[in-house]
Amino acid sequence: MPQTLEELEELTKALQEKRAEIKEEINVCLGTNCLAIGNDETKKSLEKRLADKPNAQNYRIKPVGCHGLCAQGPLVIVNSVANEHEEIVYEKVKNSDAERLIDAIVGETNPDTIKDLRCETDIPFFTKQKKIVLENAGIINPDSLDDYILSNGYHALFYALTHLSPEETIEQVKISALRGRGGGGYPTGLKWESVAKAISDKKYVICNGDEGDPGAFMDRAVMESDPHRVLEGMAICGYAVGADQGFIYVRAEYPVAVERLKRAIKDAERNGLLGQKIAGTPFSFSVEVRLGGGAFVCGEATALIASIEGNRGNPRQKPPHLSDRGFNGQPTVLNNVETYANIPPILRNGGEWFAGFGTEKSKGSKVFALTGQVKHTGLVEVPMGMTLRELVFDVGGGIEGGKEFKAVQTGGPSGGCIPASLLDQPIDYESLKEIGSIMGSGGVIVMDETSSMVDVAKFFLEFCMTESCGKCVPCRVGTAQLHNLLDKFAKKEASQNDLVLLENLCQMIKETSLCGLGQTAPNPALSTLKYFKEEYIAGVKKEIE
Amino acid sequence: MIDANVQRARTKTLTINDQAFSARSDQTILQVARENNIDIPTLCAIEGLSDIGACRLCLVEIAGQRELKPACTTRIKDGMVVSTDTERLRKHRKTILSFLFAERNHICSVCVSNAHCELQKMGAKVGLTHVEVPYLYPKLQVDASHRRFINDPNRCILCLRCVRVCDEIEGAHILDVFARGLEARIIAEMGRPWGESENCTECGKCVQVCPTGALNEKGLSVAEQHKRRGFLPYLTTMKRGR
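One structure accompanies this document, and this report is about it.

## A closer look at the overall build of chain A
No. 1: Scanning chain A from terminus to terminus reveals 23 helices and 14 strands.
No. 2: Here chain A has a C-alpha radius of gyration of 24 Å; the compact-globule value for 545 residues is 24 Å, and the two agree.
No. 3: Here chain A, with 545 residues, has 62% of them falling under the buried criterion.
No. 4: Put simply, 73% of the contacts in chain A that link residues at least 6 apart link residues at least 24 apart.
No. 5: A total of about 20,500 Å² of accessible surface is found on chain A, and carbon and sulfur atoms cover 49% of it.
No. 6: Between the mean site of the 60 positive side-chain charges and the mean site of the 75 negative ones, chain A shows a separation of 4 Å.

## Here we look at the pattern of salt bridges
No. 1: As enumerated under the stated definition, the model contains 51 salt bridges over all chains in all.
No. 2: In this structure, aspartate 97 of chain A and arginine 100 of chain A form a salt bridge, with 3.1 Å as the shortest nitrogen-oxygen distance.
No. 3: Classification of aspartate 97 of chain A by relative accessible area gives buried; the value is 5%.
No. 4: Arginine 100 of chain A gets classed as partly exposed once you look at its relative accessible area, which sits at 26%.
No. 5: The partner of arginine 476 of chain A in a salt bridge is glutamate 103 of chain B, with the nearest N and O atoms 2.8 Å apart. A residue pair is termed interchain when its members come from two chains, as with arginine 476 of chain A in helix H19 (residues 473-490) and glutamate 103 of chain B in helix H3 (residues 87-103).
No. 6: With a relative accessible area of 0%, arginine 476 of chain A lands in the buried category.
No. 7: The network of salt bridges with common partners includes Arg19, Glu25, Arg60, Lys62 and Asp147 of chain A.

## Comments concerning the sheet that holds strand S12 (residues 405-410) of chain A
All names here are of chain A.
No. 1: Spatially, S11-S10-S14-S12-S13 is the arrangement adopted by the 5 strands of the open sheet, whose pairing is mixed. Edge positions in the sheet fall to strand S11 (378-383) and strand S13 (416-419), since each has one partner strand and no second. On average, adjacent strands in this sheet sit at an angle of 30° to one another, irrespective of strand direction.
No. 2: Pairing of strand S10 (residues 365-372) with S11, which is carried by 6 bridges, proceeds in the antiparallel orientation. The partner of leucine 370 across the bridge, within S11, is glycine 378.

## Here we look at the interface of chain A and chain B
No. 1: If you look at the interface, chain A gives 31 residues, while chain B gives 31 residues.
No. 2: For the pair chain A and chain B, the summed buried surface comes to about 2,500 Å²; carbon and sulfur atoms form 58% of the total.
No. 3: It is Gln317, Arg476 and Gln481 of chain A in chain A that bury the most area against chain B; as a group they hold 22% of the surface buried on that side.
No. 4: Inspection of the region where chain A meets chain B yields 3 salt bridges.
No. 5: Put simply, glutamate 511 of chain A and arginine 88 of chain B hold a salt bridge, and the shortest N to O gap is 2.9 Å.
No. 6: Where chain A meets chain B, there are 15 residue pairs in polar contact (both at pLDDT 80 or more).
No. 7: For the side of chain A that touches chain B, the secondary-structure elements that each account for two or more residues are helix H18 (453-467), H19 and helix H20 (496-512) of chain A.
No. 8: When residues in the side of chain A that touches chain B are grouped by element, the largest group, 8 residues, is from H19 of chain A.
No. 9: Split into classes, the residues belonging to the side of chain A that touches chain B amount to 14 nonpolar, 11 polar and 6 charged.

## Description of a nonpolar patch on the surface
No. 1: Taken together, the side chains of Ile107, Val110, Tyr135 and Tyr137 of chain B present a nonpolar region at the surface, about 390 Å² in accessible area.
No. 2: Relative to the helices and strands, isoleucine 107 of chain B resides in the loop between H3 and helix H4 (118-125).

About the criteria used
- Residues numbered from 1 in each chain as written.
- Chains lettered and ligands numbered in written order.
- Predicted model: local features only at pLDDT ≥ 70, side-chain atom pairs only at ≥ 80, totals over all residues.
- Heavy atoms only, no water.
- Helix = DSSP H or I, 4+ residues; strand = E, 2+ residues; numbered from the N terminus.
- Rg over C-alpha atoms; globule rule 2.2 N^0.38 Å.
- Buried < 20%, exposed > 50% of the residue type's maximum accessible area, 1.4 Å probe, protein only.
- Contact = heavy atoms within 4.5 Å.
- Areas by Shrake-Rupley, 256 points an atom, 1.4 Å probe, with all protein chains shown as cover.
- Lys, Arg positive; Asp, Glu negative; His and termini not counted.
- Charge placed at Lys NZ, Arg CZ, Asp CG, Glu CD.
- Salt bridge = Lys/Arg side-chain N within 4 Å of Asp/Glu carboxyl O.
- Pairing = 2+ DSSP bridges.
- Axes fitted to C-alpha atoms, helices over the stretch in contact; angles between N-to-C directions.
- Buried area = accessible area lost by both parts, 1.4 Å probe.
- Polar contact = N/O pair within 3.5 Å; in protein donor to acceptor, adjacent residues only side chain to side chain.
- Nonpolar A, V, L, I, M, F, W, Y, C, P; charged D, E, K, R; others polar.
- Patch = residues over 30% accessible without salt bridge, like charges linked within 9 Å, V, L, I, M, F, W, Y side chains within 5 Å.

Here's what the structure looks like:
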């Protein structure tokens, strides 16, 4: 049980020595995606086969989080312990492949016998990524505190507690220029500073793990792959702003994430990494998991807090902002999972290190869930400033089935569709906003020539319509009216008047809705109207003369 | 007894529609406007209950701010320049009212609240001559199980006045919202028929604050369906002094 930074370092060293006793780690991806296609069974078969081998003690089979290339899953990754950079990835591994895989790994058979399972790792999908948040994903066992400590876990927290004042901690976050990864892009350091300066005996730190956009699974993957990192980020935030209580709000549809987070909290508390007097300092911090019912609107800060308080998850008008009146009416920091996950490496390597990646105004990297009609669907982390073309065609491997690219949708239901002509735009908060979309939390949906953009807009409006809390009139009724109008275009039954009405209503809903859900709900319709208007015109039936 | 917030409040000056006013810093734009006879349309706001900014009719323009803000929940600031009656706001108000009329059944001629309805009056006030969006007309079940009152969700505009008065003034919290979006409904006691509610005090405050015919009294003719709200300022004052 480490009490000081030195003791933590000693523990890390001891764990490293213990690990060096084995030769290779056979990491089996047990992210939700690989679990869903049976990797759990494959893991059992691998273990069974390995147990019979005379040199079994040289190998360790380890469950890990999402490795990223979900399209080729289930994945098994063999990591050499002696040489950390050597990694062999096996793709589309079936339960029946377990025997020959183990036989070849332990050297009983020629490696060529499993050549068909080898995944090329020198493709741009791997080489063009910059992993900061996901540095441990697919490498460590999310249920093992030892594994996290081995990868320098909790060092940043202990360092901050023993070497930095709360102000200096915030200063590092400010220097890093980290912006909120939930989508808004608000400077994290500034947010922390407002709460740190608020006068109150009690303050709170809340992590938004509600993620509900169609096609997005970034936060889920981080919580499932590296739960301790999120806790460490929250604890550092607690120290910086003067809070001793944190909550992680996770939707109940993420049972794997919930289970791993709860276990991580228990393990961390048992080992003195969370709880009372951390690192022998007066700082105490505890974290609780709160389950959400799966309402998209609860991603909205004020609605999320209402939900944690046990009320209906409705948003309220801001101001007052959370830095004045958050949970229980007290100053509260609310960031999303990815934002907190960025904090430990920032403190470990310094704010300037982080600010060295990305563009002038958008620093660091961004995790995206790449989905749709693209070859390499999965979880990727790329430096800010990479162009959309690189993301879709290099990292994503281009369009599947030899079809033409048509559009890419970023930012989830609140985002917009970007046409081929704007593919060279860099990915950063400002550029995406300029072209009518947003960064959002990081869902990226790629569409090919067969996609109807009216249908796409209708899909997102339907989502917003059913997810609207119903509190304010423009969002409750407006999204339904927009959806019905889009349905008319999709059925080619619209009139010229409908086109005018559609544009007017989009603008009106944007300007009058109470919270972010309503204010951004018309974005998919607005962006497709801007770039694919001919598809809407095609939906106008010929007016009777 | 003076409220602690009131004690801390400072006097500020602001401009509403080119007229200068002074007010306390804890007041909202709507309160200051009402005190000075400036009419800002509202449906969900009612004096004596908490403000929720839900109907969006009271949106105003504030100089230097791109976003429109609801007058009912926005506190005044020194030097604030507010416009309550611009072309943009008039247009939005008409659309919001259009949305409300189109959302459920608001055919006045067959409504118990005809001529006593705030939605009806608001339509006339903002000059709504026609509804610009298609009617949605869901068929919703009327709950007439209560001995004295009727809940007709077809006339409801979800202003939540009933929910707030039941919670904040009567202290019973029988009424609440069920489901979300267009499916949202006012329900009694976790969704049971209102007449079977064991905790409803039958005070009728919800019916009196309802702006439309959604909550109405049994046994009264259309001409008699006046809403009596005299109790609200009195009870609010009493509550504050408690």
